[in-house]
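Coordinates in review
If you want the building blocks of each chain, they are given just below.
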Amino acid sequence: QGQLAESGGGLVPGGGSLRLSCVVSGSMISTEHMGWYRQAPGKQRELIAIVTSGGPKNYDDSVKGRFTVSRDNTANTVYLQMNNLKPEDTAVYYCNRLDSPQWNWGQGTQVTVSS
């Protein structure tokens, strides 16, 4: 069972950038497909970026071209570089493995983008 700790969120103006980190403890991520999710107020949590164990990545259309997911298996950490942020990116961001059963969700990190 991995434990997830997301960080790096904050308040930024539209067009700004943030880099989120997700440190996993208790389980190695090297063989895991990992994902970044977000949950906006009043909405369901959605999957926005995937980085597979072998390295290929995939993105939701809403973030494609602006967000970049990466991983450092030696640090057991997954990253999300977010550029050209928009107010609609405002949400709590989470990471987790893709396979079931997923690990218990972390606290997430709040990203707020002002217009």
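What counts, and where the lines are drawn
Residues numbered from 1 in each chain as written. Predicted model: local features only at pLDDT ≥ 70, side-chain atom pairs only at ≥ 80, totals over all residues. Heavy atoms only, no water. Phe/Tyr/Trp six-rings, centres within 6.5 Å; stacked < 30°, edge-to-face > 60°. Helix = DSSP H or I, 4+ residues; strand = E, 2+ residues; numbered from the N terminus. Buried < 20%, exposed > 50% of the residue type's maximum accessible area, 1.4 Å probe, protein only. Lys NZ or Arg CZ within 6 Å of the ring centre and 35° of its normal. Pairing = 2+ DSSP bridges. Contact = heavy atoms within 4.5 Å. Polar contact = N/O pair within 3.5 Å; in protein donor to acceptor, adjacent residues only side chain to side chain.

A few words on the packing of aromatic side chains. On inspection of all chains with the given rule, the structure shows 2 aromatic pairs. With a centroid separation of 5.0 Å and 90° between ring planes, the pair formed by Tyr-37 and Trp-105 is classed as edge-to-face. Residue Tyr-37 is located in strand S4 (residues 34-39), and its partner Trp-105 is located in the loop between strand S9 (91-97) and strand S10 (109-114); the two are separated by 68 residues in the primary sequence. Overall, Tyr-37 belongs to the buried group, its relative accessible area being 10%. Considering the side-chain rings of Tyr-94 and Trp-105, the 5.9 Å spacing of their centres and the 80° angle between planes classify their relative orientation as edge-to-face. Placement of Tyr-94 in strand S9 and of Trp-105 in the loop between S9 and S10 is noted, with a sequence separation of 11 residues between them. Judged by relative accessible area, which is 10%, Tyr-94 ranks as buried. Grouped by ring-pair contacts, the aromatic residues Tyr-37, Tyr-94 and Trp-105 constitute a single cluster. Sitting above the plane of the Tyr-79 ring, Arg-19 keeps its charged end 4.0 Å from the centroid. The positively charged end of Arg-45 is found above the aromatic ring belonging to Tyr-94, 4.3 Å away from the centroid.

Here we come to the pairing of S4. In terms of burial, S4 is largely enclosed, as 5 of its 6 residues are buried. Of the strand pairs in this sheet, S4 and strand S5 (residues 46-51) are connected by 5 bridges, and their pairing is antiparallel. Across the sheet, Met-34 pairs through a bridge with Val-51, a residue of S5. Connecting S4 to the antiparallel partner S5 that follows it, the hairpin turn spans 6 residues, and Gly-42 within it adopts a positive phi of roughly 75°. Alignment of S4 against S9, held across 6 bridges, turns out to be antiparallel. Note that in S9 the partner of Tyr-37 across the bridge is Tyr-94.

Tracing the sequence through the fold places Glu-6 in strand S1 (residues 3-7). Each C-alpha atom, one on Glu-6 and one on Leu-20, is 7.1 Å from the other, the two residues being 14 residues apart in sequence. In contact with Glu-6, other than residues within four places in its own chain, are Ser-21, Cys-22, Trp-36, Tyr-93, Tyr-94, Cys-95, Gly-106, Gln-107, Gly-108 and Thr-109. Polar contacts involving the side chain of Glu-6 include one to the main-chain amide nitrogen of Cys-95, which spans 3.1 Å. From its side chain, Glu-6 meets the backbone nitrogen of Gly-108 in a polar contact 2.9 Å long.

The values reported here are purely geometric and, on their own, carry no functional implication.
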